[in-house]
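The lines below spell out each chain.
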Amino acid sequence: MSLPEIVRSAFRGIGADKPRSVLTVLGILIGVAAVILLVAVGNGSAQGGSNTLTIMGTGLTMKIAESLDDPVLAPGVRSVSPVAGTSATLTREGAEHRSDSFMGTVPGWFTAAGSPAETGAIFTADDEAQARRVVVIGRTVAEELFPGTDPVGQRVTVGGALFSVIGVLKEKRDTGDTAVAPISAVQQVLAGYGPLSAILVEAGDASLVDTVEGQVSAILDTKLEPGSYRVLSASPLLGTRTATARAFTTPLAAVAAVSLLVGGLGITSTMLVTVTERTREIGIRKALGAPGRVILAQFLVEATLLSVIGGGLGVAVAYLGSHFSIAGVQPVIVPGSVALALGVSVLIGIFFGGLPAVRAAGLRPIDALRYP
């Protein structure tokens, strides 16, 4: 019996008792999806803003922000984003939205803050240099001003001036109410040319945050009065998010373990029942000369198919789940975790399907043929 014939026979065996097969696949599905999401939440909690510093205080200016982007005095700094924040009401055809986070900044802010555009695009350095009135809005703003309509390419009125919507921010817990425009345009129309609200500094790597904090503080001490500013690290927030993620992932890990165990036991139970129901068939095949290894392979393939189908569906569910925030963290799926989960599902099929397969292969033809 060739491998394609064994696989076709295994599929027929799975389809012979659909309810039992579905329940078995479901157990593997839940376990695999939980394992992948478990790793994704842990990975997501360690990303996004972990390498940034926020400078707040009085007297912050564009010149001070420019002085922090110094490859000699602050070699660990990757980018500096001045921020001019204000409250503003956005209106469009009778609809309005009050945003407490209308920000003027530079293009580098989107990368540093981990807030890319989900649709449309961000503004460019040329937009900032030319003070073009373009804006990237958060999901909440888009839904209130443009219900059921693509906002990209549309216009909104802010402070009596028209701004063109060029993008919508990727949905995050803290960006729904945000609107981001070139700092030159915001200062010109809304905030004026007074002190900045904040300066966002991006370190080259999360491991350099403490070093960059020292470099930035040394520069600021030469330009501002001591105590007139604060340098806030994302590390405490990251620690809180990580702790929250861990509190969530502990029960998720338990669910994964129990589901995989249940799925494995389901495979054993399903295959034992299948072997019993097909005893006479096995006897006939052996009487016609089918060797035990072929019988063994057929039932092992059948058990492995059940777990692989469950594993594949589990991967699909995990990818779907990664589009939603979990415990305040946006999951980031690691390809290695997908490969690991699928590998585990295959091993479960082989391990838990081994006993029934060995039992089937060991049946004597005379005993199998006498089975009622």
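Residues numbered from 1 in each chain as written. Predicted model: local features only at pLDDT ≥ 70, side-chain atom pairs only at ≥ 80, totals over all residues. Heavy atoms only, no water.

### Here's the deal with the overall build of the chain
Then, in step 1: Within the chain, the regular secondary structure consists of 13 helices and ten strands.
Then, in step 2: Burial statistics for the chain: of 372 residues in total, 45% are counted as buried.
Then, in step 3: Residue pairs in contact within the chain that sit at least 24 positions apart in sequence constitute 79% of those at least 6 positions apart.
Then, in step 4: Surface exposure of the chain reaches about 17600 Å², of which carbon and sulfur atoms provide 62%. (Helix = DSSP H or I, 4+ residues; strand = E, 2+ residues; numbered from the N terminus. Buried < 20%, exposed > 50% of the residue type's maximum accessible area, 1.4 Å probe, protein only. Contact = heavy atoms within 4.5 Å. Areas by Shrake-Rupley, 256 points an atom, 1.4 Å probe, with all protein chains shown as cover.)

### A closer look at unusual backbone geometry
Then, in step 1: Residues other than glycine seldom take positive phi values, yet glutamate 93 does so here, at roughly 50 degrees.
Then, in step 2: Within the element layout of this structure, glutamate 93 appears in the loop between strand S2 (77–92) and strand S3 (95–105).
Then, in step 3: According to the relative accessible area criterion, glutamate 93 is exposed, its value standing at 72%.
Then, in step 4: If you check the backbone angles, alanine 131 has positive phi at about 55 degrees while not being a glycine.
Then, in step 5: You can see alanine 131 is positioned in the loop between helix H5 (125–129) and strand S5 (134–137).

### Digging into the packing of aromatic side chains
Then, in step 1: All told, the structure shown has four aromatic pairs when counted by the stated rule.
Then, in step 2: Aromatic side chains phenylalanine 102 and phenylalanine 163 sit 6.0 Å apart centroid to centroid with 80 degrees between the ring planes, which places their arrangement in the edge-to-face category. Of the two residues, phenylalanine 102 is situated in strand S3 and phenylalanine 163 in strand S7 (residues 161–169); the sequence distance between them amounts to 61 residues. Phenylalanine 163 matches phenylalanine 102 in its accessibility class, with the two residues each being buried.
Then, in step 3: Ring centres of phenylalanine 351 and phenylalanine 352 lie 5.1 Å apart, and the angle between their planes is 85 degrees; on these two criteria the pair is classed as edge-to-face.
Then, in step 4: Exposure remark for phenylalanine 351: the relative accessible area of 64% places this residue in the exposed category.
Then, in step 5: Since its relative accessible area comes to 16%, phenylalanine 352 is described here as buried.
Then, in step 6: Clustering of aromatic rings is evident, with ring pairs tying together Trp109, Phe110 and Phe123. (Phe/Tyr/Trp six-rings, centres within 6.5 Å; stacked < 30°, edge-to-face > 60°.)

### A closer look at the UniProt feature "transmembrane region" (unreviewed entry) in the chain
Then, in step 1: Under the UniProt annotation, the feature "transmembrane region" (unreviewed entry) is placed at residues 21–41, 252–273, 294–320 and 332–355.
Then, in step 2: Here residues 21–41 is 100% helix and 0% strand, with 30 Å between the C-alpha atoms at its ends.
Then, in step 3: The span residues 332–355 is 88% helical and 0% strand by assignment, and the distance between its end C-alpha atoms comes to 38 Å. (UniProt positions renumbered as here; feature names shortened; annotations may be inferred.)

### Some thoughts on a nonpolar patch on the surface
Then, in step 1: On the surface, a cluster of nonpolar side chains totalling about 350 Å² of accessible area is made up of Leu23, Leu26, Ile30 and Val255.
Then, in step 2: It is helix H2 (residues 18–45) that provides the largest number of residues to the nonpolar patch, a total of three residues.
Then, in step 3: Mapped onto the elements, leucine 26 comes out in helix H2.
Then, in step 4: With relative accessibility at 41%, the residue leucine 26 sits in the partly exposed group. (Patch = residues over 30% accessible without salt bridge, like charges linked within 9 Å, V, L, I, M, F, W, Y side chains within 5 Å. Salt bridge = Lys/Arg side-chain N within 4 Å of Asp/Glu carboxyl O.)

### Brief notes about the pattern of salt bridges
Then, in step 1: Under the criterion given, the structure shown has five salt bridges.
Then, in step 2: Note that arginine 92 is salt-bridged to glutamate 93, the shortest N-O span being 3.9 Å.
Then, in step 3: For the salt bridge of aspartate 126 with arginine 132, the shortest nitrogen-to-oxygen distance reads 2.7 Å.
Then, in step 4: Taking relative accessible area as the criterion, aspartate 126 reaches 40% and is therefore assigned partly exposed.
Then, in step 5: Take arginine 132: its relative accessible area is 34%, and that puts it in the partly exposed class.
Then, in step 6: The structure contains a network of salt bridges with shared partners spanning Asp126, Asp127 and Arg132.

### Concerning the side chain of threonine 178
Then, in step 1: Structurally, threonine 178 can be placed in strand S8 (residues 178–182).
Then, in step 2: The buried category is assigned to threonine 178, whose relative accessible area is 4%.

### Points about the pairing of S7
Then, in step 1: Relative to S7, strand S4 (residues 117–120) is paired through three bridges, and the arrangement is antiparallel. In the sheet register, alanine 117 faces S7, and the bridge partner there is leucine 169.
Then, in step 2: Pairing analysis gives four bridges linking S5 to S7, with the strands arranged parallel. Across the sheet, the residue bridging to valine 134 is serine 164, located in S7.
Then, in step 3: Where strand S6 (residues 155–158) meets S7, four bridges bridge the pair, whose relative direction is antiparallel. Bridging across to S7, valine 158 finds its partner in alanine 161.
Then, in step 4: Between the antiparallel neighbours S6 and S7 lie two residues, among them glycine 159 with a positive phi of about 60 degrees. (Pairing = 2+ DSSP bridges.)

### Some points on the packing of helix H10 (residues 279–287) against helix H11 (residues 292–321)
Then, in step 1: One can describe the packing of H10 onto H11 by two numbers: an axis separation of 10 Å at closest approach and a directional angle of 145 degrees. Both H10 and H11 take part in a crossing whose hand is right-handed. In this structure, H10 uses Glu281, Ile282, Arg285 and Lys286 to contact H11, whose residues at the interface are Gly292, Val294, Ile295, Gln298 and Phe299.
Then, in step 2: Here the contact of H10 with H11 is built from residues that sort into four nonpolar, two polar and three charged. (Axes fitted to C-alpha atoms, helices over the stretch in contact; angles between N-to-C directions. Left-handed = near helix turned anticlockwise from the far one by under 90°. Nonpolar A, V, L, I, M, F, W, Y, C, P; charged D, E, K, R; others polar.)

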